[in-house]
Amino acid sequence: GLTYKTTKDSFRWTTGEHQSFTSFGFGQPDNQGFGNCVELQASAAFDWNDQRCKTRNRYICQFAEEHISRWDPGP
């Protein structure tokens with residue numbers, strides 16, 4: 001996921017990469033309740049919101065390109 005790293009003063013992916021794309025909703029990130037993790041808000045066109053890392057949400061997995069190309073949804 002995408003988390004805020006205080007030592008680097010920026011959001012970073014769990015892979016260590018600095019985020020190059022953002023889609024935060026209006027007024028976000030606002031650090032309400034120490035929001036060091038990022039979630040997608042289905043109720044707000046899937047814009048990003050900073051959220052407490054202990055908040056339980058559904059998740060999205062990251063896959064390498066070579067694995068994605070093996071998936072063929074068919075016609």
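Model, not experiment: these values are computed from the prediction. (Residues numbered from 1 in each chain as written. Predicted model: local features only at pLDDT ≥ 70, side-chain atom pairs only at ≥ 80, totals over all residues. Heavy atoms only, no water.)

**Overview of the state of the cysteines**
Turning to step 1, where the next piece is worked out: In the structure shown here, the tally under the stated rule is one disulfide.
Turning to step 2, where the next piece is worked out: Covalently, C37 is tied to C53 through a disulfide, its sulfur atoms 2.0 Å apart. The sign of the S-S torsion, about 100 degrees, decides the handedness of the disulfide formed by C37 and C53: right-handed. Residue C37 is located in strand 3 (residues 37–41), and its partner C53 is located in the loop between strand 4 (47–51) and helix 1 (65–68); the two are separated by 16 residues in the primary sequence. (Disulfide = S-S within 2.5 Å. Helix = DSSP H or I, 4+ residues; strand = E, 2+ residues; numbered from the N terminus.)

**Quick notes on the packing of aromatic side chains**
Turning to step 1, where the next piece is worked out: One pass over the full model with this rule turns up three aromatic pairs.
Turning to step 2, where the next piece is worked out: A centroid spacing of 6.3 Å and a plane angle of 85 degrees characterise the contact between W13 and W48, whose relative ring orientation is edge-to-face. Of this pair, W13 sits in strand 2 (residues 10–13) while W48 sits in strand 4, and the two are 35 residues apart along the sequence.
Turning to step 3, where the next piece is worked out: Using a relative accessible area of 31% as the deciding quantity, one classes W13 as partly exposed.
Turning to step 4, where the next piece is worked out: Since its relative accessible area comes to 8%, W48 is described here as buried.
Turning to step 5, where the next piece is worked out: A connected cluster of aromatic rings, assembled from ring pairs, spans F11, W13, F24 and W48. (Phe/Tyr/Trp six-rings, centres within 6.5 Å; stacked < 30°, edge-to-face > 60°. Buried < 20%, exposed > 50% of the residue type's maximum accessible area, 1.4 Å probe, protein only.)

**Focus: unusual backbone geometry**
Turning to step 1, where the next piece is worked out: A cis amide bond, omega -5 degrees, links Q28 with the succeeding residue P29.
Turning to step 2, where the next piece is worked out: Here P29 lies in the loop between strand 2 and strand 3.
Turning to step 3, where the next piece is worked out: Even without a glycine there, the phi angle at F46 is positive, about 60 degrees.
Turning to step 4, where the next piece is worked out: Residue position: F46 is located in the loop between strand 3 and strand 4.

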